[in-house]
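Spelled out from the first residue to the last, the chains are:
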4 protein chains.
Amino acid sequence: MADKKIVGVIGAGRIGKIHTEDLVKFVPGVKVKAIADINLDDKIQAWATNLGIEVQTADASEIINDPEIEVVVICSSTDTHAQFIIDAANAKKDIFCEKPIDYDLSRINDALNAVKDNGVKLFIGFNRRFDHNFMRIRKAIEAGDIGTPHIIKITSRDPGPPPVSYIKVSGGLFFDMMIHDLDQCRYQMGGEEVEEVTAKGAVLVDPAIGEAGDIDTAVVILKFVSGALGIIDNSRKAVYGYDQRVEAFGSGGCAMSGNDYPNTIQFLNDKSVSRDLVLNFFLERYAGAYIEEMKLFFKALQDGTEMLATGEDGLKAVILAMACKKSLEENRSVKISEIVG
Amino acid sequence: MADKKIVGVIGAGRIGKIHTEDLVKFVPGVKVKAIADINLDDKIQAWATNLGIEVQTADASEIINDPEIEVVVICSSTDTHAQFIIDAANAKKDIFCEKPIDYDLSRINDALNAVKDNGVKLFIGFNRRFDHNFMRIRKAIEAGDIGTPHIIKITSRDPGPPPVSYIKVSGGLFFDMMIHDLDQCRYQMGGEEVEEVTAKGAVLVDPAIGEAGDIDTAVVILKFVSGALGIIDNSRKAVYGYDQRVEAFGSGGCAMSGNDYPNTIQFLNDKSVSRDLVLNFFLERYAGAYIEEMKLFFKALQDGTEMLATGEDGLKAVILAMACKKSLEENRSVKISEIVG
Amino acid sequence: MADKKIVGVIGAGRIGKIHTEDLVKFVPGVKVKAIADINLDDKIQAWATNLGIEVQTADASEIINDPEIEVVVICSSTDTHAQFIIDAANAKKDIFCEKPIDYDLSRINDALNAVKDNGVKLFIGFNRRFDHNFMRIRKAIEAGDIGTPHIIKITSRDPGPPPVSYIKVSGGLFFDMMIHDLDQCRYQMGGEEVEEVTAKGAVLVDPAIGEAGDIDTAVVILKFVSGALGIIDNSRKAVYGYDQRVEAFGSGGCAMSGNDYPNTIQFLNDKSVSRDLVLNFFLERYAGAYIEEMKLFFKALQDGTEMLATGEDGLKAVILAMACKKSLEENRSVKISEIVG
Amino acid sequence: MADKKIVGVIGAGRIGKIHTEDLVKFVPGVKVKAIADINLDDKIQAWATNLGIEVQTADASEIINDPEIEVVVICSSTDTHAQFIIDAANAKKDIFCEKPIDYDLSRINDALNAVKDNGVKLFIGFNRRFDHNFMRIRKAIEAGDIGTPHIIKITSRDPGPPPVSYIKVSGGLFFDMMIHDLDQCRYQMGGEEVEEVTAKGAVLVDPAIGEAGDIDTAVVILKFVSGALGIIDNSRKAVYGYDQRVEAFGSGGCAMSGNDYPNTIQFLNDKSVSRDLVLNFFLERYAGAYIEEMKLFFKALQDGTEMLATGEDGLKAVILAMACKKSLEENRSVKISEIVG
């Protein structure tokens, strides 16, 4: 037991709780020693106690300053990510940080520089990379099963829009929703870079979203340096649930994922052949992906292999979202070089 | 054009019309010269004229006696099959005959002997052998794709029961319905013979069927000489349509067919994921099979290759149906040797 | 029989033969009296004779001038379409014409004016509108099953590129391939007009296509006046066959088509679960659509209802293809108003 | 925390470990206090310690006699089940016991009587009842979605045969394999009783299995008292993995399950459309079912509702297996009344 990685988690909100429970239950060789949450209360304490977590604090610096803690898992609000990365890096701890790193390029760069300067590891929580379906497509591409990729097509639709209050602070659809798909495109292309994006959008779901300055329906074309094309379509509201599909088409074939269902049953009556709706919520749909990313993060730490979703990946996704926003606003294709200067 | 096979069709009921139209439209190298129907009327004549059929008669002997006609297609009522086979065989014509040949073993044998003695060809209309799905399974078995067959499983359910009046004369479920599936089992097994059958049945769809002395739901196990097992389940009424599936399981794998649908559309709404019902009627479901069997019959005549559904196959199917009936009546497994004596 | 529509077909190439055979075999109430082909030869004559077509000529004016002929089906080369439409319209005949009408807007307008001035009917052969799958999606939209359409997504990939020599004269991918999909988008949207297109393309399949001035991979976004978005992706080469799918997503749900397969068999062995490849060629995939469009054309003529693919539709598709070409060339979004001036 | 059910587990073999870990990780309101294993060793102790289990013993009576323990989970070898049930019942503890209870009817009855006399609860580990697919079919039947059930059809094939040494002591295919499916049939029929069974079998997979006195391929027909029919087919070896499907057909429709797959990806290349093989092993396939059954067991204990798989169910399954064995041996249908006397 002496060899277990000692972990501290910052942030015990929805995603912080998921990561913590997954670490406790499913990731061997890990001990969650401490949890910090700025809103620490009895409920969080009871939950943490029940999981056997010794230290429960409202002060994240207790984790940063604990010399026994080797890994910090950052699940706090986005505006705190960059600073916690810097602090943890300076304390020579390896870091898992939820996406996005930040919405400001210079703050992201500061964080990445701290990571680099201190020689620590940083893993960004692009959980969808570790989804059983999408990871399988990536493996097929790596194995050459579809030849050279020509088109990556992503369908990504939410079961319902978030509150307008959230949209006002999230940065909008490109930053809170499509950023996953932008990263997924790069992931499927093996990290090949995007040269140009073109974004089109509309307010078709709820006028209140438009009044808040955002769109609720979007289509984006990515042009990769090889000439390969990416297509993403997003909607804030698919009445049939959470629609998450990736298709990779290439010179040698195609790999296409379907949605995940709660069961395999076909019901036949005198009206139709039907099945139950797709898994409806991201916590269900990506439950396995959250576990897998934690397993792979700690495995990579242990094996000394590279992080499967780096700080650079986190930076690139934000840049792409920025370019999409600009493309939509100016109704023209936008080169990535225009953003990074 | 001089080389076309000259054909006469006996019987212009539903199936006779289908075969005739398929011959005219889809089978190259064939000329339907004559149609005979005991109930010849204006409507049949108009239909035949429109298809360019010269001879329209109420007297089948006009076809039998026409020296120009080389092939007779028998689509008249079952009780006339054996005699028409004998007559056509004696007139040295090749024969296509709808199934079943007859319900009486000695009459079947008389017909088969006439065929043999005259050296003509006989093809029995087991159309399901030529269904795109079932034929593909058979090809997979022949190619060794599933290794040695261990289990053949057939699901065969009608969209609705026939009139009770029909059931009273048809010989019942084993003779008018399961006979197809009994033949299909033998076909998939490459003609390997059945050693024993066990039939179970029930009246679950309509008590009137029970009162008529028949069952409407049945399950049969066939034991082949190699030890392989066949399973058939039949129902007179599947509210969702015509359910026709075959599964072949063996030492090296499995081939399983699904039903045929009118389209491939998935509909997703806030209740379910659905699709339109399966093809509902045998004329739709087996439309392609009827065409294919005629093509293959004439191709085999032309190439001098063997018939793909022989008189022997027709005889065997009737024997199996008899054994099933006996098994149900006596509530025990019945050896085929008990039937053929 | 006196009431049959008398038809003349101009052009006995591949598509002319298909339409002619479909008319003879599957469309009741129609008599194909004449076939004209500029390259009339023995083979065409034998084929026509066999189908019972009386008049066989190298001179299309024999059809145009035959007062008995009420309907002209134009299947000749694209450069002759506009003139034959004008001639047939002036001769007061109803017209079926293969797409595209022409590549020149003023010639198209001349043809459409002739149709209008003579009060005849014109049906453009957008056969994919009559595909069993795509027509079913359209019906679902019309029935309100998906609510208000938000996104129409079309995947359309050919099994292999045409000869480069063809690409040089066809007008390129947008005109010879995507034009179908551009029309399909408008069709699924119930004729709602497109406001703007954005096209991206690449040469990924064969450099020779690029040298000929064309692309072989393309993605297009259409913006409809309602704000709804269309997405089309095309590739000249899908090694797995002819990939033809449409997805319609709306406020109330989604309808998505799969490809068509030759059978429904799943093969399971110790390596994978597999099925045979999708239908590979447009003649197989759209065989039913060709029959359906002819049936619907003649039914509409008989019922006096509107044409289901009008000259206006033909014009619009060409305009969209022009806009796509301009968008690609100028690397910017192009308003349709820029094309029609 | 004071309200947690205190549990002791007897047997730390494969299935004992699964149940224990599931209890610790997934079942709220439960505390596993003790584990007993006759072969207790360092490895088991380390595993138990890591899970926070206080008591680790080779002597099951420590669990039986611990007054704090309210629930005993019996995962030891089959020959010990009956005695541990009796001991735990006499100690007034509620009981979860792995199937089968025993192979001897009188010993089973002794155990069930002890349970009854002591007024404790007994839940038999028919985990497949709690599989996401099969449970969903049962719910559909309960909801009346398929009307009155007419046919229950179960396909159940293992990825490979167990060692012949195991077959010699397991009681054979009907007792170690089909017993699950026999229970599943009764479960889907809502506990309706079977009147008669007919079993057919063969040695097709491995002659050594035949030499050991068992079969490796079997088909069974169950006749329920309502006349409904059950069909089960078993094979010891499906090269494509673990094939587990249930189909329920009734007067109002049909519900049919497919297998579970590790992902939803379709791979298309120039040879075929394929997907990865089905989940291969029962631990993967039924992982969720094991969790679900424990949750439902403790939920029923808490709510005071009835056990979802009772001792009676355990008894009935053994009776059915006995009847199948007799049917095969005597090559005739066997009434259940012949077994229970």
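The coordinates are above.
What counts and how
Residues numbered from 1 in each chain as written. Chains lettered and ligands numbered in written order. Predicted model: local features only at pLDDT ≥ 70, side-chain atom pairs only at ≥ 80, totals over all residues. Heavy atoms only, no water. Helix = DSSP H or I, 4+ residues; strand = E, 2+ residues; numbered from the N terminus. Buried < 20%, exposed > 50% of the residue type's maximum accessible area, 1.4 Å probe, protein only. Contact = heavy atoms within 4.5 Å. Areas by Shrake-Rupley, 256 points an atom, 1.4 Å probe, with all protein chains shown as cover. Lys, Arg positive; Asp, Glu negative; His and termini not counted. Charge placed at Lys NZ, Arg CZ, Asp CG, Glu CD. Core = buried A, V, L, I, M, F, W, Y, C linked by side-chain atoms within 4.5 Å. Least-squares fit on C-alpha atoms with pLDDT ≥ 70 in both. Buried area = accessible area lost by both parts, 1.4 Å probe. Salt bridge = Lys/Arg side-chain N within 4 Å of Asp/Glu carboxyl O. Nonpolar A, V, L, I, M, F, W, Y, C, P; charged D, E, K, R; others polar. Expected span 1.5 Å × (residues − 1).

Caption draft 1: Broad picture of the overall build of chain A. Scanning chain A for helices and strands turns up 14 helices and 15 strands. Principal-axis analysis of the C-alpha atoms gives chain A an extent of 60 × 55 × 45 Å. Expressed as a percentage of its 341 residues, the buried residues of chain A come to 59%. The contacts of chain A with a sequence gap of at least 6 include a subset with a gap of at least 24, amounting to 70%. Summed over all atoms, the accessible surface of chain A reaches about 12,300 Å², with 50% contributed by carbon and sulfur. Separation of charge centres in chain A, based on 38 positive and 51 negative side chains, amounts to 3 Å.

Caption draft 2: Spatial organisation of the nonpolar core. Ranked by internal contacts, the top residues of the largest apolar core, which has 106 residues, are L23, I95, F174 and F298 of chain C. The biggest single contributor to this core is helix 13 (residues 311-330) of chain C, with nine residues. In this structure, F174 of chain C is in contact with I179, L182, A199, I215, A218, V220, A321, C324, K325 and L328 of chain C, ignoring residues within four places of it in sequence. Ranked by size, the runner-up nonpolar core spans 104 residues in total, among them I6, M178 and A317 of chain B together with F267 of chain C.

Caption draft 3: How the structure looks around the relation of the copies chain C and chain B. When chain C is fitted to chain B, the best match, at an RMSD of 0.0 Å, comes from turning it 180° and sliding it 0.0 Å along the axis. In the structure described here, the two chain copies are related by an operation that fits a two-fold rotation axis. Minimal C-alpha separation from the rotation axis in chain C is found for K25 of chain C, amounting to 3.2 Å. In this assembly the copies share their binding face: 100% of the residues contributing to the interface of chain C also contribute to that of chain B.

Caption draft 4: Structural context of the interface of chain C and chain B. Every contact between the two is made by 28 residues of chain C and, on the other side, 28 residues of chain B. Between chain C and chain B, the buried area comes to about 2,200 Å², and carbon and sulfur atoms account for 53% of it. Across the contact surface, chain C and chain B share two salt bridges. Counting only elements with at least two residues in the side of chain C that touches chain B, the list comes to helix 1 (14-26), helix 6 (132-142), strand 12 (253-256) and strand 13 (266-268) of chain C. With five residues, the top contributor of residues to the side of chain C that touches chain B is helix 6 of chain C. Across the side of chain C that touches chain B, the residue classes break down as eleven nonpolar, twelve polar and five charged.

Caption draft 5: Examining the environment of I232 of chain A more closely. Residue and element names in this part refer to chain A. Assignment of secondary structure puts I232 in strand 10 (residues 229-235). Each C-alpha atom of the pair I232 and G288 lies 23 Å from the other, and the pair is 56 residues apart in sequence. Ignoring sequence-local partners within four residues, the contact set of I232 consists of I154, M178, D181, L182, C185, A218, V219, V220 and L222.

Caption draft 6: Here's a closer look at the relation of the copies chain C and chain A. Least-squares fitting of chain C to chain A yields an RMSD of 0.0 Å, with the transformation described by 0.0 Å of translation along the axis and a rotation of 180°. Looking at chain C, 100% of its interface residues are interface residues in chain A too, so the copies touch through the same face.

Caption draft 7: View of the interface of chain C and chain A. Contacts between the two partners involve 42 residues from chain C, matched on the other side by 42 residues from chain A. The junction of chain C with chain A conceals about 3,100 Å² of combined surface from both sides, 64% of it contributed by carbon and sulfur atoms. The interface formed by chain C and chain A includes eight salt bridges. Here K153 of chain A makes a salt bridge to D233 of chain C, at a shortest N to O gap of 2.5 Å.

Caption draft 8: Representation of unusual backbone geometry. Looking along the chain, the bond that leaves K99 of chain C and enters P100 of chain C is cis, with omega of -10°. Examined against the element boundaries, P100 of chain C turns out to sit in the loop between strand 5 (94-97) and helix 5 (105-118). Unusually for a residue other than glycine, N331 of chain A sits at a positive phi of about 45°. In this fold, N331 of chain A is placed in the loop between helix 13 (311-330) and strand 15 (334-335). Overall, the relative accessible area of 34% leaves N331 of chain A in the partly exposed class. You will see that K92 of chain C, though not glycine, has its phi angle at about 65°, which is positive. Along the polypeptide, K92 of chain C turns up in the loop between helix 4 (78-90) and strand 5. Take K92 of chain C: its relative accessible area is 54%, and that puts it in the exposed class.

Caption draft 9: Structural context of helix 13 of chain A. All names here are of chain A. Between its first and last C-alpha atoms helix 13 spans 29 Å; for 20 residues at 1.5 Å apiece the expected length is 28 Å, and the two agree. For helix 13, the full list of buried residues reads G311, D313, G314, L315, A317, V318, I319, L320, A321, A323, C324 and S327. Phi turns positive, to about 45°, at N331, one or two residues after helix 13.

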